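Okay, here's what each chain looks like letter by letter:
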Amino acid sequence: GAGVSQSPSNKVTEKGKDVELRCDPISGHTALYWYRQSLGQGLEFLIYFQGNSAPDKSGLPSDRFSAERTGGSVSTLTIQRTQQEDSAVYLCASRGRDRGRNEQFFGPGTRLTVL
Amino acid sequence: QKEVEQNSGPLSVPEGAIASLNCTYSDRGSQSFFWYRQYSGKSPELIMFIYSNGDKEDGRFTAQLNKASQYVSLLIRDSQPSDSATYLCAVNMEYGNKLVFGAGTILRVKS
């Protein structure tokens, strides 16, 4: 079946511009996660959506970052007034209904470059 | 102390040898543990998961878990050059539904 998809695959923007990154999870998966991976670094948790519950935003690095998930499926991560330190690969992952085990499957990522 | 720790490597092994990758974690209540493989420029791919103490084998891969020692490892038998990648250990902490990832170990298999 289809995996997690993300768009765009690459995004180059100028400092100060806003960007929107999209994630389409695996069909039927109820949980969706956003992570950030800077060059040579590990994965940094950003935000987590589970069904209709309030999202866990504890990993968002500043109020310039926000995300929404419409209809329990597609999610959009928005970064306002981008800064050079926002340059990274933004990864989305989804998980099925078994919360306890938390097996997450990743999309291909969006590479964001802020000039 | 980091929540999930891995040796960054690189770990170099000859083709055909056993590669041993190690991970320790801080949350004693953690219940599920994952190994992801990440090729350069690609996203992480789930290759193994383990929930119970002991060994779990899948093909050339064996995951080992020791909850008392808060230690999880991945063994790769008959290592191949195509196994060269970064291996990420991830732990589902007792509270919350987030995976915490280690920084990864770079594995290089030399032919």
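Coordinates for the structure precede this section.
Residues numbered from 1 in each chain as written. Chains lettered and ligands numbered in written order. Predicted model: local features only at pLDDT ≥ 70, side-chain atom pairs only at ≥ 80, totals over all residues. Heavy atoms only, no water.

### With respect to the interface of chain A and chain B
Inference 1: Counting residues at the interface gives 22 residues for chain A, matched by 18 residues for chain B.
Inference 2: Interface area, chain A with chain B, both sides summed: about 1,500 Å², of which 53% is carbon and sulfur.
Inference 3: For the pair chain A and chain B, the interface holds one salt bridge.
Inference 4: A salt bridge links B:Lys98 to A:Asp56, with the nearest nitrogen and oxygen atoms 3.5 Å apart.
Inference 5: Summed over the shared surface of chain A and chain B, the result is seven residue pairs in polar contact (both at pLDDT 80 or more).
Inference 6: Of all the secondary-structure elements, those providing two or more residues to the side of chain A that touches chain B are strand S4 (31–37), strand S5 (43–50), strand S8 (88–95) and strand S9 (104–106) of chain A.
Inference 7: For the side of chain A that touches chain B, the per-class residue count stands at nine nonpolar, seven polar and six charged. (Contact = heavy atoms within 4.5 Å. Buried area = accessible area lost by both parts, 1.4 Å probe. Salt bridge = Lys/Arg side-chain N within 4 Å of Asp/Glu carboxyl O. Polar contact = N/O pair within 3.5 Å; in protein donor to acceptor, adjacent residues only side chain to side chain. Helix = DSSP H or I, 4+ residues; strand = E, 2+ residues; numbered from the N terminus. Nonpolar A, V, L, I, M, F, W, Y, C, P; charged D, E, K, R; others polar.)

### Considering the sheet that holds strand S6 (residues 54–58) of chain B
All names here are of chain B.
Inference 1: Reading across the sheet, the five strands line up as S1-S3-S8-S7-S6 and stay open at both edges, with antiparallel pairing between neighbours. In this open sheet, the two edge strands, each paired with only one partner strand, are strand S1 (4–6) and S6. Across the sheet, the mean angle separating the axes of adjacent strands is 20 degrees when strand polarity is ignored.
Inference 2: Pairing geometry for strand S7 (residues 61–66) and strand S8 (residues 71–76), over six bridges, is antiparallel. Directly across from Phe 61, in S8, lies its bridge partner Ile 76. (Pairing = 2+ DSSP bridges. Axes fitted to C-alpha atoms, helices over the stretch in contact; angles between N-to-C directions.)

### Here we look at the environment of B:Pro81
Inference 1: By the element assignment, B:Pro81 lies in the loop between S8 and strand S9 (85–92).
Inference 2: We classify B:Pro81 as partly exposed; its relative accessible area is 34%. (Buried < 20%, exposed > 50% of the residue type's maximum accessible area, 1.4 Å probe, protein only.)

### Brief notes about unusual backbone geometry
Inference 1: Each neighbour pair has its own omega, and for A:Ser7 with A:Pro8 the value is -10 degrees, a cis peptide bond.
Inference 2: Assignment of secondary structure puts A:Pro8 in the loop between strand S1 (5–7) and strand S2 (10–13).
Inference 3: Going from B:Gly9 to B:Pro10, the amide bond is cis rather than trans, its omega being 10 degrees.
Inference 4: Mapped onto the secondary structure, B:Pro10 falls in the loop between S1 and strand S2 (11–14).
Inference 5: A positive phi angle is found at B:Asp78, which is not glycine, with a value near 50 degrees.
Inference 6: Along the polypeptide, B:Asp78 turns up in the loop between S8 and S9.
Inference 7: The partly exposed category is assigned to B:Asp78, whose relative accessible area is 42%.

### Examining the packing of aromatic side chains
Inference 1: Under the definition given, this model contains 11 aromatic pairs over all chains.
Inference 2: With centroids separated by 5.5 Å and ring planes inclined at 85 degrees, the aromatic side chains of A:Phe106 and B:Tyr36 adopt a geometry described as edge-to-face. With A:Phe106 in strand S9 and B:Tyr36 in strand S4 (residues 32–38), this pair bridges two chains. Side by side, A:Phe106 and B:Tyr36 carry an identical accessibility label, which is buried.
Inference 3: Consider the rings of B:Tyr25 and B:Phe33, whose centres lie 4.8 Å apart with planes at 45 degrees: the pair is tilted.
Inference 4: According to the relative accessible area criterion, B:Tyr25 is buried, its value standing at 3%.
Inference 5: According to the relative accessible area criterion, B:Phe33 is buried, its value standing at 1%.
Inference 6: Each member of the aromatic cluster is reached from another via a ring pair, and the members are A:Tyr33, A:Tyr35, A:Phe45, A:Tyr48, A:Phe106, B:Tyr36 and B:Phe101.
Inference 7: Lying across the ring of B:Phe61, B:Arg60 places its NZ or CZ 5.7 Å from the centre. (Phe/Tyr/Trp six-rings, centres within 6.5 Å; stacked < 30°, edge-to-face > 60°. Lys NZ or Arg CZ within 6 Å of the ring centre and 35° of its normal.)

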